[in-house]
Amino acid sequence: MRVNEDIRATTVRLIAPEGTQLGIVSRADALRGARERNLDLVEVAPTADPPVCRIMDYGKLRYQSAKKGKTKTRVSHLKEIKLRPHIAEHDREVKLRNIRKFLENGDKVRVHVIFRGREISRSHLGSQLLEEIIKRIEDIGVVEVAPKMQGRDLSMLIVPK
């Protein structure tokens, strides 16, 4: 965009800061009108005949266009909770509270039940534990990846509603 003295046209169609058209005027008159208002003369349509110029704050325009280019993105982090099949009641409550906190913050949560040694033969205990977790958090979360065995881990992925 051309601004102030960079505008080459001898006559321009002038638009006031409020958006009203002031008509076709010479470039010198347009610059004088912009300076009287302590604003800039900005060429907004250079290909028109005559070019369209607007009296505005060029710094504010640049700031808003830079701000418009940026998009606000919510970074969703993946949090992991690790459990064992024989977990005490209080420890399970603490883990559930953490899962709830992560989901309320908009994070995804991967829950692992880790089997050690001969616990793998009792994998149904891990499935029961994950089913209980699903029931307890169904008001704020949804299971995206159902519980499945991966080696000695039984894991699932929960996302916020």
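Cut-offs and rules
- Residues numbered from 1 in each chain as written.
- Predicted model: local features only at pLDDT ≥ 70, side-chain atom pairs only at ≥ 80, totals over all residues.
- Heavy atoms only, no water.
- Pairing = 2+ DSSP bridges.
- Helix = DSSP H or I, 4+ residues; strand = E, 2+ residues; numbered from the N terminus.
- Axes fitted to C-alpha atoms, helices over the stretch in contact; angles between N-to-C directions.
- Contact = heavy atoms within 4.5 Å.
- Parallel < 35°, antiparallel > 145°, perpendicular 65-115°, else oblique.
- Left-handed = near helix turned anticlockwise from the far one by under 90°.
- Nonpolar A, V, L, I, M, F, W, Y, C, P; charged D, E, K, R; others polar.
- Salt bridge = Lys/Arg side-chain N within 4 Å of Asp/Glu carboxyl O.
- Buried < 20%, exposed > 50% of the residue type's maximum accessible area, 1.4 Å probe, protein only.

## Describing the sheet that holds strand β2 (residues 21-26)
Here is step 1 of the chain: Pairing is mixed in the open sheet, where four strands are placed in the order β2-β1-β4-β3. Unpaired on one side and paired on the other, β2 and β3 (40-45) mark the two borders of the sheet. Each strand of the sheet is rotated relative to its neighbour by a mean of 35°, with strand direction disregarded.
Here is step 2 of the chain: Here strand β1 (residues 11-15) runs beside strand β4 (residues 52-56); their pairing, made up of three bridges, is parallel. The partner of I15 across the bridge, within β4, is R54.
Here is step 3 of the chain: Here helix α1 (residues 27-36) sits on the sheet in contact with β1, β2, β3 and β4, set at roughly 125° to β2.
Here is step 4 of the chain: Sitting on the sheet, helix α2 (residues 58-69) touches β3 and β4, and the angle it makes with β3 is about 50°.

## Brief notes about the packing of helix α3 (residues 89-104) against helix α4 (residues 123-137)
Here is step 1 of the chain: As a packed pair, α3 and α4 sit with axes 11 Å apart at the nearest point and diverge in direction by 50°. Considering the angle they form, α3 stands oblique to α4. Both α3 and α4 take part in a crossing whose hand is right-handed. Residue-level inspection shows R92, E93, L96, I99, R100 and L103 of α3 in contact with α4, the latter providing L129, E132, I133, R136 and I137.
Here is step 2 of the chain: Partitioned by chemical class, the residues of the contact of α3 with α4 number six nonpolar, no polar and five charged.

## Digging into unusual backbone geometry
Here is step 1 of the chain: Omega for the bond connecting D49 with P50 falls within 30 degrees of zero, at -5°, which places this linkage in the cis form.
Here is step 2 of the chain: With respect to the helices and strands, P50 occurs in the loop between β3 and β4.
Here is step 3 of the chain: The phi dihedral of N4 is positive, around 50°, even though this residue is not glycine.
Here is step 4 of the chain: Summarising the element assignment, N4 is placed in the segment before β1.

## A closer look at the pattern of salt bridges
Here is step 1 of the chain: One pass over the structure, following the stated rule, counts nine salt bridges.
Here is step 2 of the chain: One salt bridge connects D29 with R32, and the closest N-O pair in it is separated by 2.7 Å. One end of the pair, D29, and the other, R32, are both in helix α1, three residues apart, so they sit about a helical turn from each other.
Here is step 3 of the chain: Relative accessible area serves as the criterion here: at 38%, D29 is assigned to the partly exposed category.
Here is step 4 of the chain: The network of salt bridges with common partners includes E89, R92, E93, E132 and R136.

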